Amino acid sequence: MQSYFIQYTITYCATTVLCAFLMIYMAVKMDRDVGNFIEIRIFRNMIAMELMVIFVETIWRLLFLTGFQFDQYAYWFLNYLDMIGSIGALYYLMRFVEVRLNPAFKHDNYKQKRGSQALVIPWLVGIAVNIFSYWTHWTYYITPDSLYHRGPYYFIQVLCCYFYPIITIGMISYWAIHDRVRRKHSMQLLIFLLFPFIGGLFQVFISIAPFSVMSTMLGLFYLFSSIQSDRINTDALTGLNNRNRSRDYLESRLKNADNRPFYLAICDVNEFKKINDTYGHVNGDHALIAIANTFKEFGSTHHGFFASRYGGDEFLMAVDAQNVTPTLLRNTFNEALAEQIIKEDLGFDLTVCFGFAYCNTAQAPLMDLISKADQALYEDKKRKKGKK
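Quick caveat, the model's predicted, so the values are computed rather than measured. (Residues numbered from 1 in each chain as written. Predicted model: local features only at pLDDT ≥ 70, side-chain atom pairs only at ≥ 80, totals over all residues. Heavy atoms only, no water.)

Asks: Please clarify how helix H7 (residues 211-232) should be interpreted in this entry.
Replies: Along an α-helix, a turn takes 3.6 residues, which lines up residues three or four apart on a common side. With 22 residues, H7 extends 31 Å from end C-alpha to end C-alpha; this agrees with the ideal 32 Å at 1.5 Å per step. Listing the buried residues of H7 in full gives Val 213, Ser 215, Thr 216, Met 217, Gly 219, Leu 220, Leu 223, Phe 224, Ser 226, Ile 227, Asp 230 and Arg 231. (Helix = DSSP H or I, 4+ residues; strand = E, 2+ residues; numbered from the N terminus. Expected span 1.5 Å × (residues − 1). Buried < 20%, exposed > 50% of the residue type's maximum accessible area, 1.4 Å probe, protein only.)

And the structure:
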């Protein structure tokens with residue numbers, strides 16, 4: 001029996017350490033090509049909290065294996081680290097969902113959003129109560145023989161832990177129901193949450209293996225892989241299709257242009273350099289994100305719609321030509337953009353120009369079609385400058 005216990009503990013600890021190394025690998029590989037700056041930072045913080053929990057759990061297992069006894073203060077400190085890591089991981093998961101789904105947080109200045117910092121309060125309460133429990137025994141206490149016991153106010157720590165999953169699930173549900181554009185990301189995040197939930201259930205009933213740690217690692221890997229897969233054909237800043245994806249799409253669409261005519265449009269931000277110089281590059285990025293979000297909303301009401309970031313402050317759009325005109329598309333988009341500016345509280349005016357090219361033949365060379373739209377864009381910008 002003693003030999004089995006030793007093998008079991010070593011296997012358990014080796015598995016958790018392997019999971020830790022895989023998490024570190026994902027944190028290192030999560031760069032600008034995979035996510036935006038805020039997503040990267042929060043994802044890495046979430047992994048850091050998980051690593052803290054793994055560290056504490058591994059130490060506990062090794063202590064049981066060796067029979068080594070710490071004093072009460074050392075056990076209290078380990079429990080303190082475990083609490084910080086457990087609630088901290090849930091807090092950063094909530095933040096990640098918030099940034100991933102909410103377009104208002106898709107820029108590096110998200111911390112300045114009104115009231116967003118208040119959500120850290122349950123975590124701070126959990127930390128404070130845990131610290132004072134060393135003297136008051138509110139949420140737990142450790143006996144002289146190093147046994148852990150729950151205190152009379154243990155429910156406070158439970159509430160602090162469950163606060164963040166409830167908020168997280170609420171946010172995912174909201175965006176899945178109310179926003180068709182972000183439904184795919186909502187489902188990805190929901191699937192990710194299932195991994196630690198199922199692993200936690202296994203851990204409760206079958207404690208001989210680190211199901212909780214392994215399922216969390218698998219969930220993080222699924223999330224990391226999903227984001228990485230999205231980024232292959234997606235612009236990292238705006239979430240739209242990238243230039244390579246637009247080329248492949250248009251070449252495929254041209255083959256059916258005889259039966260399904262479409263408009264190709266190039267969109268350009270007016271005085272974008274002035275926006276960067278006046279309001280800074282962070283707000284310049286936010287302007288591009290606002291336009292991208294407008295395209296996403298715009299596409300949900302138009303047939304055969306495709307949009308991509310073509311380069312810099314230029315966007316490319318394709319839409320079925322049936323029952324629409326360039327003037328109607330331009331006016332409808334400008335109205336949608338004006339609403340998006342208010343929705344995202346941009347703080348400055350933002351306008352765009354369009355150049356349209358009509359395609360009703362599969363024989364049209366793609367570059368000629370793009371050049372025609374580009375020339376129309378130049379004429380639109382020239383016309384608007386002449387009105388000033």
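Asks: Mind showing me how you'd approach the packing of helix H3 (residues 72-101) against helix H4 (residues 121-136) here?
Replies: Angle between the axes and distance between the axes: these two values describe a pair of packed helices. One way to put it is that H3 packs onto H4 with a least axis distance of 10 Å and a crossing angle of 170°. As judged from the angle between their axes, H3 and H4 are roughly antiparallel. Of the residues in H4, those touching H3 at Tyr 73, Trp 76, Asn 79, Tyr 80, Met 83, Ile 84, Ile 87, Gly 88, Tyr 91 and Tyr 92 are Trp 123, Gly 126, Ile 127, Asn 130, Ile 131 and Tyr 134. A class-by-class count of the residues in the contact of H3 with H4 yields twelve nonpolar, four polar and no charged. (Axes fitted to C-alpha atoms, helices over the stretch in contact; angles between N-to-C directions. Parallel < 35°, antiparallel > 145°, perpendicular 65-115°, else oblique. Contact = heavy atoms within 4.5 Å. Nonpolar A, V, L, I, M, F, W, Y, C, P; charged D, E, K, R; others polar.)

Asks: Got a minute to help me understand the pattern of salt bridges in this structure?
Replies: Pairing is possible between side chains that carry opposite charge, provided their charged atoms lie close to one another. Scanning the model with the defined rule gives ten salt bridges in all. Glu 39 is the salt-bridge partner of Arg 100, the closest N and O atoms lying 3.4 Å from each other. Of this pair, Arg 100 sits in helix H3 while Glu 39 sits in helix H2 (residues 37-66), placing them 61 residues apart in sequence. Like Glu 39, Arg 100 is buried. Among the ionic pairs, Asp 248 bridges to Arg 247, the shortest N-O distance being 3.9 Å. Relative accessible area serves as the criterion here: at 39%, Asp 248 is assigned to the partly exposed category. On the accessibility criterion, Arg 247 (40% relative accessible area) is partly exposed. Linked by salt bridges that have partners in common, Arg 253, Arg 260 and Asp 320 make up one network. (Salt bridge = Lys/Arg side-chain N within 4 Å of Asp/Glu carboxyl O.)

Asks: What is the right way to look at a nonpolar patch on the surface in this model?
Replies: Among the surface-exposed residues, Tyr 73, Phe 77, Phe 132, Tyr 134, Trp 135, Trp 138, Tyr 153, Phe 155 and Leu 159 lie close enough to one another that they form a single nonpolar patch of about 1000 Å² accessible area. Counting residues per element, the ones that place at least two in the nonpolar patch are H3, H4 and helix H5 (154-178). When residues of the nonpolar patch are assigned to their parent elements, the largest contribution, three residues, is made by H4. Within the secondary structure, Phe 132 is located in helix H4. Under the relative-accessibility criterion, Phe 132 is labelled partly exposed at 44%. (Patch = residues over 30% accessible without salt bridge, like charges linked within 9 Å, V, L, I, M, F, W, Y side chains within 5 Å. Areas by Shrake-Rupley, 256 points an atom, 1.4 Å probe, with all protein chains shown as cover.)

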